[in-house]
Structure formats: C-alpha cells, structure tokens
Amino acid sequence: MFKKKFYLNLFFIGFILILIQSIFQHYNDVLILINKSVKNMLPFIYAIFVAILLTPIVNLFENKFKIKRIYGIILSLVLIILIITGVFFIVVPNLVVSVSDLVNKFPQMLNSFNDNATKFIQFLRERNLLFFNPDELESNIINYVKSNIGNFRNLLLNLSLDVVQGIFGLLNFFLGVFLALYLIESKEYYVKFLENFFFLFTTKEKANNIVNLLEESKSIFLKYIWGRLITSFAVGVTAYIVMVICKVPYALISALLIGIGNMIPYVGSIVAGSIAVFLIVLAAPIKVLYLFIAIAIGQSVDGFILGPKILSETVGMSSFWTIVAVIVCGNCMGPLGLFLGVPIFGVIKLIYNRKLQKKENL
C-alpha cells in the first residue's frame, strides 16, 4: 500500500513538473489557449457571475418578504434592469455630449496648451529659473503633448470600437443570464449534484468539504464584487460632486474614469487618474488642483469610510499579493481578470490555509 501511494505521488509530481516545463516552453501558445477557452466559457462565466450577484437579493425577497423564489428572481431582475436603464439614460447622453465636445475641441485645446506652456517658460526665463535650454524644453513639451494627444484620440476611438464589440457580446451575456435563472431556481439541486459528483472520486466527507470550500469561495467573490461596485460607485459620485462644485471641465468623463479605475485595486486608480489629469491639463490646467482634491476625497471615502466596512476581511491579502493578482489574472483573462484577480487569489489563499491547517493538525 505504501509503495503504491509513493509511486502515485511520484507520478503526479512528475506530471506537474512536465506541465510547468511545457507552459514555459510554449508560453504564448498557452496564453492563446487560455484566452480562447475563456471566450468559449463566457456564457457560463456570466451565468455564475449573475447568479452570485442576484442570490442575496433573491434571498432577501424569499426570506424576509416571504415571496416565492421564482417571483423573487423576477423582481430581482426587474430591479436590476430598472437601475441599469436609469443610469444608462442619465449618464450615456451626457457622456456622448462630453466626448463629442472633447474631440471637436482638440485643436483649440492644443493651441491653448501651447500658449500656456510658452507663457510659463517665459516666466521661468525672466527669473533665471531655467536650468535647460528654453527652446529645447519648449519644443520637447509641445512635441510630447502633440504625440500624446494623438494617442488619446486613438484611445477614444478604441473605446468606441470596444463599445461596438461589447454590443455584439451582449448575446453571450443574455445567454448567461438565462442560465443563471436555472442556477438560482434550483440551487439546492446543483449543490447536491456537485457533492454527488465529487463523491464519485473520493469519500463522502471529502466531497462535503469540497462543496463547503466552494460555498466559502462564492462568499469571497460575492463580498468582493458587491464591495467593489459599491465603493467604486461612491468614489465616482463623490469625485463628480466635488468637480461639479469646483466647475472642473469634463467632470463626468473624469468621474467615470476614476470610478471604473477604482474597481481595479491600485493599478486601475493610477491609470484612470493619469488619464483624467492629462485631460484636465489640456482643457484647463489650473483646474488640475481641484481634480486632485476630488480624487483625494473620493479615495478617502473608499479607504477610511466604506472600504473598511465593506471590504474588510474579504480576502485578507497584502498590497503586494493584490498587485500580483491583478497583473497575473489580467494577463491571462484580460479585463475580466483585472477585476476578478483579487478574489481568485483569495480563493487560492483559502485553499492554501486549509491545506496548511490540515498539515499542522497531523
């Protein structure tokens, strides 16, 4: 018995080593395979995602208001659709106007920036505060802005193309919603099915432990997703209110960037904040100060008020592992990985802690 177990473990170790070696040798091919697999699995991923998000609302209708589950599902969907529709009709028309105005004013904004840069350099020259060749510095600044304006316009065009592709991808999403309804309606059946499936390959106790692990994993995803959505919405709204009060141009676009960027820890906030700063510098450089104030207030709401209450102890990872999770899952799964990287690593940490605790108890 001992020899059989030893050779079986040796086989699995050898298999894992060969698999790791193959991944490093064919890294690009593996990434392509993963991306294709994720795209093919999108309806099922959407189904699990929607089911996880809707379950707390359905449970609220079912347990507190004593409404049958099927009616609770319908009411939950109607509520979510009304919220999304309301936000769509309020935000999208204003966003389209802002983007159109931004694109049309690019030449004027460039000229204004050139004038301000020239005046600033002249101010420094008169006070002997320039440590480099003024003409060369001015040329470099203007060339840098020109090149980046082109990149920014390309970014806007790419975002527009992404929106078009997203519209075509709605078919997968609605298919996922349809599958999610079945998952929620018969969730006890699917939980029992999973337990029986795992029981085919292991003992009843281990199968039950695996199902409990999946329940805890679902809880991690649920808390993290809802927490990120709520805190990011609050950050965006707070930043928007501050910018509107201070009359910062393109407040809606900047607030959307800040709110969406906040959904991706650390990396998203830095990237979104940089784009917003660049945008405001072109439109009204003096207003950048108010943008920084809006970002600081929004991040304070997230870091000191909502974050500790909503996201505390959700995954319990350090900043280092949070950044690693975003980078690794972002490279493997794209935008979806950027958002879900932290809870995925949270589940890995949960499995690691369970295995470690089991070893310590032996």
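Our structure is the block above this text.
So, here's what we can say about the structure.

1. Notes on the layout of surface pockets
Empty space among the atoms becomes visible once a probe the size of a water molecule is rolled across them.
Now for step 1: Space inside the second largest pocket adds up to approximately 1200 Å³.
Now for step 2: In this structure, the second largest pocket is lined by 34 residues; those nearest its centre are Ile48, Ile52, Leu183, Leu194 and Lys218.
Now for step 3: Sorting the residues of the lining of the second largest pocket by element identifies helix H3 (42-64), helix H7 (170-185), helix H8 (187-199), helix H9 (204-245) and helix H14 (335-361) as the ones contributing at least two each.
Now for step 4: Ranked by residues supplied to the lining of the second largest pocket, first place goes to H3 with 9 residues.
Now for step 5: Across the lining of the second largest pocket, the residue classes tally to 27 nonpolar, 3 polar and 4 charged.

2. Points about H9
Residue pairs three or four apart in sequence face the same way in an α-helix, which turns once every 3.6 residues.
Now for step 1: For H9, spanning 42 residues, the distance from its first C-alpha to its last is 62 Å, which sits close to the expected 62 Å at 1.5 Å a residue.
Now for step 2: One or two positions beyond H9, positive phi appears at Lys247, with a value near 55°.

3. A look at the side chain of Thr238
Now for step 1: Checked against the element boundaries, Thr238 lands in helix H9.
Now for step 2: The exposure class of Thr238 is buried, given its relative accessible area of 18%.
Now for step 3: With residues near it in sequence (within four places) discarded, Thr238 still touches Ile297, Gly298 and Val301.

4. Some thoughts on the pattern of salt bridges
Now for step 1: Applying the stated rule across the entire model yields 5 salt bridges.
Now for step 2: A salt bridge links Arg69 to Glu62; its shortest N-O distance comes to 3.3 Å.
Now for step 3: Here Arg69 falls in the buried class, since its relative accessible area comes to 16%.
Now for step 4: By relative accessible area, which is 23% here, Glu62 ends up partly exposed.
Now for step 5: In this structure, the salt-bridge partner of Glu195 is Lys204, at a minimum N-O distance of 4.0 Å.
Now for step 6: Using a relative accessible area of 11% as the deciding quantity, one classes Glu195 as buried.
Now for step 7: Beyond isolated ion pairs, a larger network of salt bridges with shared partners links Glu62, Arg69 and Glu188.

5. Some remarks on the packing of helix H10 (residues 251-261) against helix H11 (residues 267-283)
Now for step 1: As a packed pair, H10 and H11 sit with axes 7 Å apart at the nearest point and diverge in direction by 170°. Between H10 and H11, the crossing angle belongs to the class labelled roughly antiparallel. In contact with Ile253, Ser254, Leu257, Ile258 and Gly261 of H10, H11 contributes Gly268, Ser269, Ala272, Ile275, Ala276, Leu279 and Ile280.
Now for step 2: Its residues assigned to classes, the contact of H10 with H11 comprises 8 nonpolar, 4 polar and no charged.

How each quantity is defined
- Residues numbered from 1 in each chain as written.
- Predicted model: local features only at pLDDT ≥ 70, side-chain atom pairs only at ≥ 80, totals over all residues.
- Heavy atoms only, no water.
- 1 Å grid on protein atoms, 1.4 Å probe; cavity = no way out; pocket = protein on both sides within 12 Å on 5 of 7 lines; lining within 4 Å.
- Points joined across faces, edges and corners; volume = space filled by probe spheres on them.
- Helix = DSSP H or I, 4+ residues; strand = E, 2+ residues; numbered from the N terminus.
- Nonpolar A, V, L, I, M, F, W, Y, C, P; charged D, E, K, R; others polar.
- Expected span 1.5 Å × (residues − 1).
- Buried < 20%, exposed > 50% of the residue type's maximum accessible area, 1.4 Å probe, protein only.
- Contact = heavy atoms within 4.5 Å.
- Salt bridge = Lys/Arg side-chain N within 4 Å of Asp/Glu carboxyl O.
- Axes fitted to C-alpha atoms, helices over the stretch in contact; angles between N-to-C directions.
- Parallel < 35°, antiparallel > 145°, perpendicular 65-115°, else oblique.

All we've got here are geometric facts, nothing functional implied.
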